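Results of the structural survey
As a plain string of letters, each chain reads:
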Amino acid sequence: MATSSHTSIRFDDQVAIVTGAGGGLGRSHALQLAARGAKVVVNDLGVARDGTGNTLSPAESVVEEIKAAGGQAIASAASVTDPAAVEEMVNQAMRQWGRVDILVNNAGFLRDKTFSKMTLDDFRAIVDVHLMGAVHCTKAVWEIMRQQNYGRIVMTTSSSGLFGNFGQSNYGAAKMALVGLMQTLALEGQKYGIRVNCLAPTAATRMTEELMRPEDLALLKPECVTPGMLYLVSRDGPTKTILCAGAGTFSRSSVTLSDGVYIGERPDAVELLKANEARLQDRSGETVPTTGFQQSIMEITKARGAKK
Ligand code: NAI
């Protein structure tokens, strides 16, 4: 395995906002960004695991930890679901430090239930905090990053959205929506030096402590995920990448398009499609389209080819 100089990836003179950074993964992200030179806004509403209650103290205690280690940080108790409070948080960072280079959208909570038992309120609360929370924060920094010609944004997605998890239809839907948001913002941000990526973590936090065995939780330290986030927000980091990270392993997930099967316009199209199911499901030759148009281009090319 390649080795490297210990802390060559640094964030000196950069300002980072990490939402939901009062505990768990966000705390680890904030501490590591600060340790590598970033000035950090430690945001946390300080809610319970299901999103109820609120207190500034978790964010303040992480700020104290950063300061004790010689770093710079300020606390914010803005709820990511409140666009006005989010804007004020960003204004606070601008007043204090004059720029925002990095946004890590990490805040959120769970309301797990099977779809049959889930209320619409439980569904909306999860979409609101994970999807709209990230939208509010991203919207509040977007023009600043465009003006600076520099920005790094991470959306915290989840294997629940990418692959599905029983009892998490609300959470999975919200987390996959963040992938869609990232796919387009990465394209729109490219010209302005803004790179947008997704992080799909696995970590032992209060969110997962009841879902996994203690011996597995011991391997899943939040600190093992944070290097993935640092890689994504670094100056030479990628864009439009879904990085999966947990227990020291890093992998990439992609939304792919298979080569497909041309059936054409005919009355028995559905029967022919069924007869060609094996080819439809065949994943060899799969690609990762760089834009949505590539699907249409592939379809039009095949149709034109068949008509020749
Ligand atoms: P956590 O519960 O320790 O951290 C989430 C933080 O967000 C909490 O400190 C909470 O107070 C804060 N928060 C909740 N609502 C907020 C709001 N409206 N405004 C501001 N802050 C708010 O959980 P964990 O595990 O550290 O989760 C961090 C992120 O990683 C979440 O987006 C989660 O969905 C995601 N994730 C975690 C996984 C894991 O294995 N722990 C797996 C996949 C995704």
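Residues numbered from 1 in each chain as written. Predicted model: local features only at pLDDT ≥ 70, side-chain atom pairs only at ≥ 80, totals over all residues. Heavy atoms only, no water.

Note that proline 222 resides in the loop between helix H7 (214-217) and helix H8 (226-233). Classification of proline 222 by relative accessible area gives buried; the value is 13%. Distance from proline 222 to leucine 25, taken between C-alpha atoms, is 5.1 Å for residues 197 residues apart in sequence. Here proline 222 is in contact with Gly24, Leu25, Ser28, Ala203, Ala204 and Thr205, once residues within four sequence places are set aside. (Helix = DSSP H or I, 4+ residues; strand = E, 2+ residues; numbered from the N terminus. Buried < 20%, exposed > 50% of the residue type's maximum accessible area, 1.4 Å probe, protein only. Contact = heavy atoms within 4.5 Å.)

Split into domains, the protein comes out as domain 1 (15-253) and domain 2 (269-307). Once you take the C-alpha centre of each, domain 1 and domain 2 turn out to be 36 Å apart. (Domains from an automatic or database assignment.)

Turning our attention to the sheet that holds strand E2 (residues 39-43). Spatially, E3-E2-E1-E4-E5-E6-E7-E8 is the arrangement adopted by the eight strands of the open sheet, whose pairing is mixed. On the outer flanks of this sheet lie strand E3 (72-76) and strand E8 (249-253), each paired with one strand and no other. When the angles between neighbouring strand axes are averaged without regard to direction, this sheet yields 20°. H8 rests against strand E4 (102-105), strand E5 (151-156), strand E6 (194-202), strand E7 (242-246) and E8 of the sheet, and its axis sits at about 170° to E6. (Pairing = 2+ DSSP bridges. Axes fitted to C-alpha atoms, helices over the stretch in contact; angles between N-to-C directions.)

What follows concerns the site of the ligand. In the vicinity of the ligand lie 29 residues, with Asp44, Asn106, Tyr171, Thr205 and Arg206 positioned nearest. Between an oxygen atom of the ligand and a main-chain N or O atom of leucine 25, the distance comes to 2.8 Å. Coverage of the ligand by the protein amounts to 96% of the 830 Å² it exposes when considered alone. For the shell around the ligand, the elements supplying multiple residues, two or more each, are helix H1 (24-35), helix H4 (120-148), helix H6 (169-189) and E6. Here the shell around the ligand is composed, by residue class, of twelve nonpolar, 14 polar and three charged. (Near = heavy atom within 4 Å. Polar contact = N/O pair within 3.5 Å; in protein donor to acceptor, adjacent residues only side chain to side chain. Areas by Shrake-Rupley, 256 points an atom, 1.4 Å probe, with all protein chains shown as cover. Nonpolar A, V, L, I, M, F, W, Y, C, P; charged D, E, K, R; others polar.)

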